[in-house]
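# Summary of the model geometry
Below are the chains, spelled out letter by letter.
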Amino acid sequence: MQNEMITVNCPACGKVVLWDELSPWRPFCSKRCQLIDLGEWAAEEKRIPSSGDMTDSDDWSEEER
Ligand SMILES: [Zn+2]
C-alpha cells in the first residue's frame, strides 16, 4: 500500500497544500485564498470594456423634409 502524499501549490499564495479530503479548499490552502482568486476573476471581468464603444454618428439627424 502506497502512502504517497500528493501536494499542490496554492495558486493564490504558493503554499503547499495537501491534496486530501482534509483540504476542502484545494487546490487553495484556505477559503481565503480561494476567495482571493475568485475576486481576481471578478476584477478582471469588470476590467473588460463594454462593447458599446461604437461612435454614435449623428449623420442621420440631417433628414430630408
Ligand atoms: Zn494560499
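What you see is a predicted model; the values in this text were computed from it and never measured. (Residues numbered from 1 in each chain as written. Predicted model: local features only at pLDDT ≥ 70, side-chain atom pairs only at ≥ 80, totals over all residues.)

## Let's talk about the overall build of the protein
- Each helix and strand counted, the protein has 1 helix and 2 strands in total.
- From first element to last, N terminus to C terminus, the protein shows the α and β order β-β-α.
- When each of the 65 residues of the protein is scored for burial, the buried share is 8%.
- Taking all contacts inside the protein whose residues are at least 6 apart in sequence as the whole, residues at least 24 apart take part in 8%. (Helix = DSSP H or I, 4+ residues; strand = E, 2+ residues; numbered from the N terminus. Buried ≥ 20, exposed ≤ 12 C-beta atoms within 10 Å, placed from the backbone. Contact = placed C-beta atoms within 7 Å.)

## Considering the environment of Lys 15
- On the secondary structure map, Lys 15 appears in the loop between strand 1 (7-9) and strand 2 (16-18).
- For Lys 15 and Pro 27, which are 12 residues apart along the polypeptide, the C-alpha to C-alpha distance reads 9.9 Å.
- Dropping the residues within four chain positions of it, Lys 15 is found in contact with Asn 9, Cys 10 and Cys 29.

## Some details on unusual backbone geometry
- Going from Arg 26 to Pro 27, the amide bond is cis rather than trans, its omega being 5 degrees.
- With respect to the helices and strands, Pro 27 occurs in the loop between strand 2 and helix 1 (31-47).

## Some remarks on the nonpolar core
- Counting 5 residues, the largest nonpolar core is built from Cys 10, Ala 12, Val 17, Phe 28 and Cys 29.
- Those residues within four positions of Val 17 in sequence are excluded, and the remaining contacts are Thr 7, Val 8, Cys 10, Ser 23, Arg 26, Pro 27, Phe 28 and Cys 29. (Core = buried A, V, L, I, M, F, W, Y, C linked by C-beta atoms within 7 Å.)

## Regarding the confidence of the model for the protein
- In the predicted model, the protein carries a mean pLDDT of 82, and 71% of its residues have values of at least 70.
- Within the protein, the lowest mean pLDDT, 83, falls on helix 1, and the highest, 96, falls on strand 1. (pLDDT = per-residue confidence, 0-100.)

## Regarding the environment of Asp 37
- One can find Asp 37 in helix 1.
- Once you skip the residues sitting within four places of it in the chain, Asp 37 turns out to touch Pro 11, Ala 12 and Phe 28.

## Describing helix 1
- Helix length check: helix 1 (17 residues) gives 24 Å between terminal C-alpha atoms against 24 Å at 1.5 Å per residue, within 8%.
- The element helix 1 is barely covered by neighbouring structure, given that only 0 of its 17 residues are classed as buried. (Expected span 1.5 Å × (residues − 1).)

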